[in-house]
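# Summary of structural features
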Amino acid sequence: MLEFRKDIFADERDDNLMEIGQPTQRQDMLGHVTGTSPYYDDHRFANLLHLKILRSPHAHARIRSIDDSVAARAPGVKRIIRAADVPVNLNTLLGLIQFGKDDEPSLATDIVRYKGEPILGVVATSERAALEALALVRVSYDPLPAVFDVEEALKPGAPSVNPSYPKNTFEYYGKYDHQKLRYGDADAAFAQADVVLDERYQMSPIEHAPTETNGSIAVPDTNGRFIVYTSTQALFFSLDTSAKINAMPSNQLHFIGGTVGGGFGGKVDTMTEPLSILAARLTGAPVRYRFSRHEEMQFGSPRGGERIYIKDGVMKDGRIIARKVRAYFDSGAYTRLSSYAVVKCAAHIPGPYTIPNVHADVFCVFTNRTPATAMRGFGVTALDFALECQMDKGATAIGMDPLEYRILNAYRDGDMKAHRREAKNCALIECAQVAAEKANWPLRDEFRKMSSRKDGGAAHVGGAADRTRAPASPAATRAPASTPQRVAYERPAPASPPRTAPAAPPPRSAQPPPPAAPAGSTHGAPRFSSVFGTRRR
Amino acid sequence: MKTPIQFRLNGEDVATFADGGANLLDVLREGVGDLSVKGGCWQGTCGTCTVLIEGVPRLSCVTLAETCTGRSIETTAGLRHGADLHPLQKAFMERFAAQCGYCTPGMLMAAKALLDRNPNPSREDVVEAIGGNICRCTGYEPIINAVLDAARTDSRRHT
């Protein structure tokens, strides 16, 4: 059950909230328990046609020829849909916000770039008739060399996967082949570190596997428009993408959705709507395009696999003085949303820790795998897995408690992040303290007293150590070194070794007087806004 | 070739014509119009399409419709009595035992089969009973608690 710890930051918050903390019934719950919630496939139409897709059996191949003449005459077949039928057969999802080049066809034209890539569609009176017709289509391929590993894909001579990005990396701002973060001088700091940890992490692709597979039904309306019932998680995004691919004004499309049988990020790619609309347009009949479970698992885009290298420079007293990250996102054959995942990853480095020297390179790499997409915190999740494994290893390497190691290095309000933004609204330390309390995990007194407030925390690390935190190289003096490194445990304090904790609470951990309540505020929202960061200002 | 199929659905006689080899899931949804039954995998692995045939939970997507002729089938559409929800439905609502809701009809039917058979199940009995039903929003704990609640609040009504 939820527990609200109102004692934490109590002086910084109004608690006269009407809804927060109170259970509220979901408005869709009655429909769910009575089986009446309207999922896209719960709409019935007379003379519904079914679209099934022929998919590439090769990870990379040139299509030499396609013979669909027998299939076109098969029982129940109403229409074959070929690449040439797609009005705008090249798109990239984030093109709607001018991010990235069009790189993905709805139906492959001359080359297939991943196993399962759509090549041709059959519209028939039943799914079975469509599948039987698909089995009659003859395609001949010339297999091409394929690449499945992100680092292999970046080597000279690797097969080029995606013609919009011939070097196998997404291009940022039209010229950069990766996202880069530089703060201080990590290499110089490694030379001063007591321990250097160089580790490799690999996260596999993960399929969302929603219980309702991706699908949509496009229905010609009486006024020339199309009504589209869809499982999409991103209704207007899918509408605009479908309008672009079908070269029609978006006001010709009426999307109905909102009831989604599990998404988790796997239903934002607009994988079915453009072709179901096209099929409805070409046949004049309602058309359903529904992924089978096999299609969902094999060809529905997964969370991308990620390979992450992390090198930490750690001092024996627990401070992390440098962190170097090199991460490769496997985007699969096309961009979809991985370009954005990489930006999120770079923004999350080095994790919620104040580290004075940070160096990161993050790549969005094309391979001949299934294109990857959004999934629950994508870009951050795998990085956090790697970072937190690294934190455990770092703590072990110097014989420190892993939770205390995190609390020691955690952001405090006002600390300068590697992105040259001030940390604000920090609460990791309090979370760690409550977690330790719940788990009966012993924390030393000084760590129980630390706080995320500005400078809030124990100056328990020897003052002499401060100087090692200063970025080491001349280059670093440009920005970070001249910026005061606001690290809680750098505060001048009586020097004492970390494992013999001083009994006296550090001066900075004293609670500041509660700020006056803002005039006219009736609830906490403005003060807590993460956008404006006004919590403790 | 269409085959006539006749069975009892939630206490009412129904009849329809189905393609030879049609599965019960398609016949219920498309032939008879009971949309409370959902398809998740169409290959007998996820439990989403669970219905009760003669009181026993079955996967309708891999049940040949013709084998159901003359038999009694229960689905979520028949759970409520008029405006009154079944104790399981009430408990699912109160316990927040549904997120996306897509696995819920199958979960409810698997749970109903259990309570009909065993009005006072243990936690382990509930886990076993819904063991064939996948919830991808991973809300198993609230579902288990809801089934136990339903058993506690009313062990007579679920007949």
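Residue numbers here run from 1 along each chain, matching the order of that chain's written sequence. Written order determines the labels here, with chains lettered from A and ligands numbered from 1. Given that this is a predicted model, residues contribute local features only at a pLDDT of at least 70 and side-chain atom pairs are listed and counted only at 80 or more, while totals for whole chains, interfaces and linings are drawn from all residues. The side-chain quantities take in all heavy atoms of the structure and omit both hydrogens and water.

## Re the overall build of chain A
Working definition: helices are DSSP H or I runs of at least four residues, strands are E runs of at least two. Numbering for both runs from the N terminus. For chain A, the helix and strand inventory stands at 15 helices and 15 strands. Think of it in three bands: residues with accessible area under 20% of the maximum for their type are buried, residues over 50% are exposed, and the middle band is partly exposed, with areas taken using a 1.4 Å probe on protein chains only. Among the 537 residues that make up chain A, the fraction classed as buried is 55%. A sequence separation of at least 24 residues applies to 79% of the contacts in chain A between residues at least 6 apart. Accessible area of chain A: about 22,900 Å², with a carbon and sulfur share of 57%. Note on definitions: a residue-residue contact is assigned when non-hydrogen atoms from the two residues lie within 4.5 Å. Using the Shrake-Rupley algorithm and a 1.4 Å probe, accessible areas are obtained, with residue cover drawn only from the displayed protein chains.

## Details of the packing of helix α3 (residues 104-117) of chain B against helix α5 (residues 140-153) of chain B
Residues and elements named next belong to chain B. The N-to-C vectors of α3 and α5 enclose an angle of 40°; their axes lie 11 Å apart at closest approach. Pair α3 / α5 crosses with right-handed handedness. Here Met-107, Ala-111, Leu-114 and Leu-115 of α3 come into contact with α5, specifically with Tyr-140, Ile-143, Val-147, Ala-150 and Ala-151. Here the contact of α3 with α5 is built from residues that sort into 9 nonpolar, no polar and no charged. Only the stretch in contact is used when fitting a helix axis, every axis being a line fitted to C-alpha atoms; angles between N-to-C directions are given from 0 to 180 degrees. The hand of a helix crossing depends on one turn: near helix anticlockwise from the far one by less than a right angle means left-handed, and clockwise means right-handed. Residues are sorted three ways: Asp, Glu, Lys and Arg are charged, Ala, Val, Leu, Ile, Met, Phe, Trp, Tyr, Cys and Pro are nonpolar, and all the rest, Gly among them, are polar.

## Considerations on the interface of chain B and chain A
Listed by partner, the interface residues are 33 residues for chain B and 33 residues for chain A. Computed with a 1.4 Å rolling probe, the buried area is the accessible surface lost when two parts are put together, summed over both parts. Both faces combined, the contact of chain B with chain A buries some 2,600 Å², and carbon together with sulfur accounts for 56% of it. It is Trp-42, Met-93 and Arg-136 of chain B in chain B that bury the most area against chain A; as a group they hold 25% of the surface buried on that side. One side-chain nitrogen of Lys or Arg within 4 Å of one carboxyl oxygen of Asp or Glu is enough to make a salt bridge. Put simply, chain B and chain A have 3 salt bridges between them. Arg-44 of chain A is paired through a salt bridge with Glu-30 of chain B; the nearest N and O atoms lie 3.5 Å apart. N or O atoms within 3.5 Å of each other form a polar contact, as long as, within protein, one can give a hydrogen and the other can take it, and as long as residues adjacent in sequence are counted only when both atoms are side-chain atoms. The tally of links between chain B and chain A comes to 15 residue pairs in polar contact (both at pLDDT 80 or more). The greatest single-element share of the side of chain B that touches chain A, amounting to 4 residues, is contributed by helix α2 (residues 87-94) of chain B. The residue inventory of the side of chain B that touches chain A, partitioned by class, reads 16 nonpolar, 11 polar and 6 charged.

## Quick look at unusual backbone geometry
All names here are of chain A. A cis amide bond links Ile-349 to the next residue, Pro-350, at an omega of 10°. Of note, Pro-350 is situated in the loop between α9 (338-348) and β15 (358-366). The backbone phi angle of Gln-98 is positive, close to 55°, even though this residue is not glycine. Looking at the element boundaries, Gln-98 is found in the loop between β3 (77-81) and β4 (111-112). Of note, Arg-376 is a non-glycine position whose phi angle comes to about 30°, a positive value. You can see Arg-376 is positioned in the loop between β15 and α10 (381-398).

## Focus on the confidence of the model for chain B
The predictor rates its confidence in each residue with pLDDT, a number between 0 and 100. Confidence in the prediction of chain B, expressed as mean pLDDT, is 94, and 96% of residues score 70 or more. With a pTM of 0.87, the predicted complex shows an ipTM of 0.96.

## Regarding the side chain of Thr-232 of chain A
All names here are of chain A. Within the secondary structure, Thr-232 is located in the loop between β10 (226-230) and α6 (235-245). At 2.7 Å, the side chain of Thr-232 and the side chain of Ser-238 are in polar contact. Looking at Thr-232, its side chain comes within polar contact range of the main-chain oxygen of Lys-267, at 3.2 Å. For Thr-232, the contacting residues outside a window of four places in its chain are Ser-238, Val-260, Lys-267 and Glu-273.

## Focus: the sheet that holds strand β2 (residues 61-67) of chain A
Residue and element names in this part refer to chain A. Two strands form a pair only when DSSP identifies at least two bridges running between them. Spatial strand order, β4-β2-β6: 3 strands in an open sheet with antiparallel pairing. The open sheet has two edge strands with one neighbour each: β4 and β6 (138-143). Where β2 and β4 come together, 2 bridges link them in antiparallel fashion. The residue bridging Arg-62 from the neighbouring strand is Ile-111, located in β4.

## What to know about the confidence of the model for chain A
With 85% of its residues at a pLDDT of 70 or more, chain A shows a mean pLDDT of 87. Below pLDDT 50 for its whole length, residues 458-537 of chain A participates in 158 contacts with residues either more than four positions away or in separate chains.

## Structural notes on the sheet that holds β15 of chain A
Residues and elements named next belong to chain A. With respect to topology, 5 strands assemble into an open sheet ordered β7-β15-β14-β13-β8, the strand pairing being mixed. A single partner strand is all that each edge strand has here, and the edge strands are β7 (179-183) and β8 (195-203). The mean angle between the axes of side-by-side strands here comes to 5°, regardless of whether they run parallel or antiparallel. The sheet contact formed by β8 and strand β13 (residues 306-314) spans 9 bridges and is antiparallel. Residue Asp-198 lies in a different strand from β13, and its bridge partner there is Lys-311. Contacting β7, β14 (320-332) and β15, α9 crosses the sheet at an angle of about 170° to β15.

## Here's the deal with the packing of aromatic side chains
A pair of Phe, Tyr and Trp rings is counted when the ring centres sit within 6.5 Å of each other, with Trp represented by its six-membered ring. The angle between the planes then sorts it: under 30 degrees is stacked, over 60 is edge-to-face, the rest tilted. Summed over the entire model, instances satisfying the criterion amount to 14 aromatic pairs over all chains. Ring geometry for Tyr-39 of chain A and Tyr-102 of chain B: centres 4.9 Å apart, planes at 90°, overall edge-to-face. Remark: Tyr-102 of chain B occurs in the loop between α2 and α3 and Tyr-39 of chain A occurs in the loop between α1 (29-34) and β1 (49-55); the pair is interchain, linking two chains. There is no split in this pair, since Tyr-39 of chain A and Tyr-102 of chain B are both buried.

## Focus: the environment of Tyr-102 of chain B
Judged by relative accessible area, which is 7%, Tyr-102 of chain B ranks as buried. Sequence separation of Tyr-102 of chain B and Glu-66 of chain B is 36 residues, and the distance between their C-alpha atoms is 26 Å. Ignoring sequence-local partners within four residues, the contact set of Tyr-102 of chain B consists of Tyr-39, Thr-211, Glu-212 and Gly-261 of chain A together with Lys-38, Gly-39, Gly-40 and Thr-48 of chain B.

## So, α3 of chain B
All names here are of chain B. Over its 14 residues, α3 extends 20 Å from the first C-alpha to the last, a length consistent with the 20 Å expected when each residue adds 1.5 Å. With 12 of its 14 residues buried, α3 lies for the most part within the structure. Buried residues of α3: Thr-104, Pro-105, Gly-106, Met-107, Leu-108, Met-109, Ala-110, Ala-111, Lys-112, Ala-113, Leu-114 and Leu-115, and no others. Multiply 1.5 Å by the residue count of a helix minus one, and that product is the helix's expected span.

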